[in-house]
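Here are the chains, one letter per residue:
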Amino acid sequence: MCGIIGYVGNKKASPILFEGLKKLEYRGYDSAGICTISENKTLVEKDIGKLDEIKKKVDFNSLKGNIGLSHCRWATHGKVTKENAHPHFDCKNRISIVHNGIIENFQELKDYLIKKDHKFRSGTDTEVIAHLIEENYKGNIENAVRNSLKKIEGSYSLGVMCLDEPDKLIATRNESPLIIGLGKDENFIASDVPAILKHTNKVIYLENHEIAVLTKNDVKIKLDKKKIKKTIHKIDWDSELAEKTGYKHFMLKEIHEQPRAITETLNGRLDHGGVDFRKELKFSEKYLKNLDRIIIVACGTSWHAALAGEFMLEELAKIPVEVEYASEFRYRRPIIDKNTLVIAISQSGETADTLAAIREAKNRNAKILSIVNSKGSSIARESDSVLYTYAGPEIGVASTKAFTTQLIVLYLFTLLMSSVRKSLKKDVMKGLIENLRKIPLEMEAMLNDTKSIKKIAEIYKEKDHALFLGRGVNFPLALEGALKLKEVSYIHAEGYPAAEMKHGPIALIDKKMPVMVIATKDVYTYKKVLGNIQEVKARGGIVIAIATEGDKQIGKISDCVIYIPKTLYILSSILAVVPMQLLAYYVARDRKLDPDKPRNLSKSVTVE
Ligand code: M6R
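Everything numeric in this text was worked out from a predicted model, so none of it was measured.

1. Section: the pattern of salt bridges
Point 1. Counted by the stated rule, this structure contains 37 salt bridges.
Point 2. Two residues, D192 and R27, come together in a salt bridge whose shortest N-O distance is 4.0 Å. Here the residue D192 occupies a position in the loop between β10 (186–190) and β11 (202–205), and R27 occupies one in the loop between α1 (13–24) and β2 (31–38), the gap between them amounting to 165 residues. Here D192 and R27 have matching classes, each one buried.
Point 3. Here D590 ties to R589 by a salt bridge, and the two come within 3.3 Å at their closest N and O atoms.
Point 4. Taking the relative accessible area as the measure of exposure, R589 reaches 34% and is therefore partly exposed.

Written out as structure tokens, the structure is:
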């Protein structure tokens, strides 16, 4: 949700913090602020708006000092105002705080602190932490933080600085991500890797309740006052992946990165006519063979990937699959036994509901396999086994390359399950793999010609509503197409199984309604989808079809057609999503919206 970055070292802190915030802005862009310590003073600049707007109003560069904290906010408690922007301070501006999360007992703490004569300046839950630390401060900031945490209920990742100990940063977390970056004569704290990638690729993942004490030359991590040894992870992401490299927006860059991301996700995983997960998957063949059910939990776009995964696994590996919204699953009493595998899908690996869902499943003795993009993230760490998507950092709030690489990993896992369960003949398996290998090149070709999609975007530009229809493995795609469009262009969009349209949504169709229909050729439902198109046309709707190259028939009954290369039906969704992503991007651009920072959204939903 919010983004935090802190620095201590020999360099001037404020430019490093500003640059780091720019990399974290996908986490929150209501308001932002930076504070530093210099010459026994706490210096601060903060305001509302996106970073570039704030930069025009305040002079972050005027903040001197080699130590500092910064924050970009996605409001939870308290409106979007300058007073509510972080950092927050104690009464005397000696203790500075940046916080991501929600303090559940903040009102109770605030009442207690007001009675103790603390003066509050904001309506946030965060400010109570600064005053609580002030109340507990007896000359040692580390101890003051430790003692304050005993009274705090809720989720947090925190960065703390104190004027009386001006060479120290304190960091801690509970159910909200925080990493420590290790540099040479400088150290960092951050919500996520891209913020510090330019300076270091050595990272420590802080766990719940651990307290880190950082100076420029040292990092100590403690749990219950005891120093603990932590693994240092090397991040293999190139820092360029977190830059726009000439693209106007991250969303467009990430759409175009998909062929590379898919190639990297396939790399080393296809071997001897099958799938090779030996180095990664920690489950025995016997365990996988004896499974009698899979439950997939996820949110948002990852949930759509899960629905496509259900189709793949049931169709090819012949194993029953259920897909659950993680936010619902966590509050049910799911029936799980030792032969049920729970798969969690998440780009960030930090989504609070998905994390809670896997904990619920673990309590019921299920094994967890996660499909995650962010290395070392909480979901990855808490799973029994992880299959990574190698999409690289996804900065645009709208998920694009994460989705297609999730589909790729689900497809690979399906092939593995099919071979373990002997549900496919060798030549069928060979064909499935051959077609999979072609996907990056086919996608590359599609991305080289986006003219028709730009034209179609003009149809949508002035619309208030849109429908997306698909069947079978392409039904989740209809949901994804609608989600992409609504989140970046603010057009109300709905995704439906094409035949289900007759049971209600058809009432919405008139000559103003654009209906995007995924109508790729297959032996199952293609003809039925043609029928669904006719139903839309008969009611005056505008049909935009996504069809297989060479399909002449579809052009006769649709207003516009976007062709995708001929591939296996089960792989078609990986290609067919690309025009939908581009459409959403171009419609947002034409409506003069910023697709990287859609209103009210945050990239990583780390609160419930
Ligand atoms: O990081 P996760 O994959 O767990 O995130 C899940 C959703 O929050 C995410 O997919 C969201 O729906 C995106 N904004 C969609 O573009």
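2. Thoughts on the sheet that holds strand β27 (residues 560–564)
Point 1. Reading across the sheet, the 5 strands line up as β24-β23-β25-β26-β27 and stay open at both edges, with parallel pairing between neighbours. Two strands bound the open sheet, and with one partner strand each, they are β24 (492–497) and β27. For this sheet, the mean inter-axis angle between neighbouring strands, taken without regard to orientation, is 20°.
Point 2. Note: strand β25 (residues 514–519) against strand β26 (residues 542–548), 6 bridges, orientation parallel. Its bridge partner being in β26, V515 is matched across the sheet by V543.
Point 3. Here helix α17 (residues 526–538) sits on the sheet in contact with β23 (465–470), β25 and β26, set at roughly 170° to β25.

3. Focus on the packing of helix α7 (residues 258–266) against helix α13 (residues 401–420)
Point 1. Between α7 and α13, the least distance of the axes is 9 Å, while the angle of their chain directions is 30°. It follows from the interaxial angle that α7 and α13 lie roughly parallel. Taken as a pair, α7 and α13 cross one another with a handedness that is right-handed. Across the interface between the two elements, Q258, R260, A261, I262, T265 and L266 from α7 touch K401, T404, T405, I408, V409 and L412 from α13.

4. A closer look at the pairing of strand β22 (residues 385–388)
Point 1. The alternating pattern of β22 places S385 and L387 on one face and V386 and Y388 on the opposite face, and all of these are buried.
Point 2. Bridge count between strand β21 (residues 367–372) and β22: 4 bridges; the pairing is parallel. If you follow L369 over to β22, its bridge partner there is S385.

5. Brief notes about the sheet that holds β21
Point 1. Pairing is parallel in the open sheet, where 5 strands are placed in the order β19-β18-β20-β21-β22. Lying at the two open borders of the sheet, with one neighbouring strand each, are β19 (321–325) and β22. When the angles between neighbouring strand axes are averaged without regard to direction, this sheet yields 20°.
Point 2. Along the sheet, helix α9 (residues 300–317) makes contact with β18 (293–298), β19 and β20 (340–346), crossing β19 at roughly 175°.

6. Looking at unusual backbone geometry
Point 1. The amide bond that connects H86 to the next residue, P87, takes the cis arrangement and shows omega of 0°.
Point 2. Structurally, the position occupied by P87 is in the loop between β4 (67–73) and β5 (88–89).
Point 3. Although it is not a glycine, N93 sits at a positive phi angle of roughly 55°.
Point 4. Its place among the elements puts N93 in the loop between β5 and β6 (95–103).
Point 5. Judged by relative accessible area, N93 falls into the partly exposed class, the value being 31%.
Point 6. Of note in the backbone geometry, D117 takes a positive phi value of approximately 75° without being a glycine.
Point 7. Within the element layout of this structure, D117 appears in the loop between α3 (106–115) and α4 (127–136).
Point 8. On the basis of relative accessible area, D117 is assigned to the exposed category, the value being 53%.

7. Brief notes about the packing of aromatic side chains
Centre distance and the angle of the planes are the two values used to describe a pair of aromatic rings.
Point 1. In total, this model carries 7 aromatic pairs according to the counting rule given.
Point 2. Here Y388 and Y390 contribute two aromatic rings whose centre-to-centre distance is 6.4 Å and whose plane-to-plane angle is 55°, an arrangement assigned as tilted.
Point 3. Classification of Y390 by relative accessible area gives partly exposed; the value is 28%.
Point 4. Note that K375 overlies the ring of Y388, its terminal NZ or CZ placed 5.8 Å from the centroid.
Point 5. Above the ring of Y490, the side-chain terminus of R599 is found at 3.9 Å from the ring centroid.

8. Some thoughts on the packing of α13 against helix α19 (residues 569–590)
Point 1. Two numbers describe how α13 lies on α19: the axes approach to 10 Å, and their chain directions differ by 170°. For the element pair α13 / α19, the angle class is roughly antiparallel. From α13, F403, T404, L407, I408 and Y411 reach across to α19, where they touch I570, L571, S573, I574 and V577.
Point 2. Among the residues making up the contact of α13 with α19, the classes are represented as 8 nonpolar, 2 polar and no charged.

What counts as what
Residues numbered from 1 in each chain as written. Predicted model: local features only at pLDDT ≥ 70, side-chain atom pairs only at ≥ 80, totals over all residues. Heavy atoms only, no water. Salt bridge = Lys/Arg side-chain N within 4 Å of Asp/Glu carboxyl O. Helix = DSSP H or I, 4+ residues; strand = E, 2+ residues; numbered from the N terminus. Buried < 20%, exposed > 50% of the residue type's maximum accessible area, 1.4 Å probe, protein only. Pairing = 2+ DSSP bridges. Axes fitted to C-alpha atoms, helices over the stretch in contact; angles between N-to-C directions. Contact = heavy atoms within 4.5 Å. Parallel < 35°, antiparallel > 145°, perpendicular 65-115°, else oblique. Left-handed = near helix turned anticlockwise from the far one by under 90°. Phe/Tyr/Trp six-rings, centres within 6.5 Å; stacked < 30°, edge-to-face > 60°. Lys NZ or Arg CZ within 6 Å of the ring centre and 35° of its normal. Nonpolar A, V, L, I, M, F, W, Y, C, P; charged D, E, K, R; others polar.

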